[in-house]
Every structure is written in structure tokens, then in C-alpha cells.
Amino acid sequence: MKRLIISVLILATIVVTSIVTLSVFDSKNEQLISYIERTEELYKQNKTDLAEEELTRLNRFWSDYYNLVSYIVQSTKLEEVAQSVSKLKALMGKDEFLSECESIKYGIRLIYDSEFPYLHSIL
């Protein structure tokens, strides 16, 4: 009976930890996407000074995000998004800026979807 209780506690701990990790991961993704969308909006309004400030905030947030998510996600997927984020500063004022922002948002969503534990991926 003790083994059964210990086993159930271990499984419950794993499930709770997974749920908390997934919710933190989701909220960080939403924050990152909101930074990107604010930068895009400022860029579209030709407020380049404000867009550059928002881009600086985005880069700071990205470094924290990268450190947190690198424990969860495969590094190759994360590296592709990291390259795109690092390109944004150089692309400011060019036509490719908005497409690179969309690429980052797509990559973030793709990473989340690949890490979400769907039933078909568990079985």
C-alpha cells in the first residue's frame, strides 16, 4: 500500500510540475509575441525611435526567455528564432523587418505546439 501511495504521489508531482511549466511557457510566449506586435505597430506608424526602444526591451526579454526556455526546448528550434531576433535591429527601416517579425511569431507558436503534450504525441 505504501508503494502505491508513493507512486501516485510521484505521478501527481510530475503532472503538476508539467502543468506549471507549460503555463509559464505559454505566458512567456504571449509576452514575447506582445513585444513583437508592439514593435511592429510602432514601426508601421513610422515611430522609429519608439520602435527601437521597444526592440531594446524585446532583446532584453528575449535573453531571459532564452535562458528559461532552453531547459525545455530543443536548441535547434530555439536557435532559429534567436537568429531572427538578432536580425531585427539591423532590419529596422527595411522592408524585411515586418516579415522577420512574423517569422519570429510563427517560430514561437511552432515551438509551443511542438512541446505541448497532445494525446497522440504521448501515446
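Located above this text is the structure these notes cover.
The structure contained in this document is the topic of the report that follows. (Residues numbered from 1 in each chain as written. Predicted model: local features only at pLDDT ≥ 70, side-chain atom pairs only at ≥ 80, totals over all residues. Heavy atoms only, no water.)

Looking at the overall build of the protein chain
The criterion, for reference: Secondary structure follows DSSP: runs of H or I at least 4 residues long count as helices, runs of E at least 2 residues long count as strands, and numbering of each begins at the N terminus. As a reference, a globule follows 2.2 Å times the number of residues to the power 0.38, and the radius of gyration itself is taken over C-alpha atoms. For every residue, the accessible area (1.4 Å probe, protein chains only) is compared with the maximum for its type, and the residue is labelled buried under 20%, exposed over 50%, or partly exposed between those bounds. Between two residues, a contact is recorded if the distance between any of their heavy atoms is within 4.5 Å. Computed with the Shrake-Rupley method and a 1.4 Å probe, the accessible areas treat only the protein chains shown as cover for residues. For the charge count, each Lys or Arg is scored as positive and each Asp or Glu as negative, with His and the chain ends excluded. Note on charges: their place is set at NZ of Lys, CZ of Arg, CG of Asp or CD of Glu.
Across its full length, the protein chain carries 5 helices and 0 strands. Rg of the C-alpha trace for the protein chain: 18 Å, well past the compact-globule value of 14 Å for 123 residues, more than 25% over. If you line up the protein chain on its principal axes, its C-alpha atoms span 70 × 25 × 20 Å. Taken across its 123 residues, the protein chain has 30% of its residues classed as buried. Contacts spanning at least 24 positions in sequence make up 66% of the contacts within the protein chain whose residues lie at least 6 apart. Total accessible area on the protein chain is roughly 8,300 Å²; 59% of this is exposed by carbon and sulfur atoms. When the 14 basic and 18 acidic side-chain charges of the protein chain are each reduced to a single mean position, those positions are 7 Å apart.

Section: helix α3 (residues 75–91)
Threshold: What a helix should span is 1.5 Å times the count of its residues minus one.
Over its 17 residues, α3 runs 24 Å from end to end, which matches the ideal 24 Å to within 8%, given 1.5 Å per residue. Listed as buried for α3 are Leu78, Val81, Ala82, Ser84, Val85, Leu88 and Leu91. Contact partners of the buried residues in α3: α2 (48–69) and α4 (96–115).

Section: the packing of aromatic side chains
Definition in use: Aromatic pairing here means that ring centres of Phe, Tyr or Trp (its six-membered ring) are within 6.5 Å. Orientation follows from the plane angle: under 30 degrees is stacked, over 60 is edge-to-face, and everything else is tilted. Geometrically, a charge over a ring is one whose NZ (Lys) or CZ (Arg) sits within 6 Å of the ring centre while staying within 35 degrees of the ring normal.
In total, this model carries 6 aromatic pairs according to the counting rule given. Summarising the aromatic geometry, the rings of Tyr43 and Phe97 are spaced 4.5 Å apart at their centres and angled 40° between planes, so their arrangement reads as tilted. Residue Tyr43 is located in helix α1 (residues 2–44), and its partner Phe97 is located in helix α4; the two are separated by 54 residues in the primary sequence. Each member of the pair, Tyr43 together with Phe97, is buried. Following the ring pairs from residue to residue traces out a cluster consisting of Tyr35, Phe61, Trp62, Tyr65 and Tyr66. For Arg38, the ring lying beneath its charged end belongs to Tyr35, and the centroid distance is 4.7 Å.

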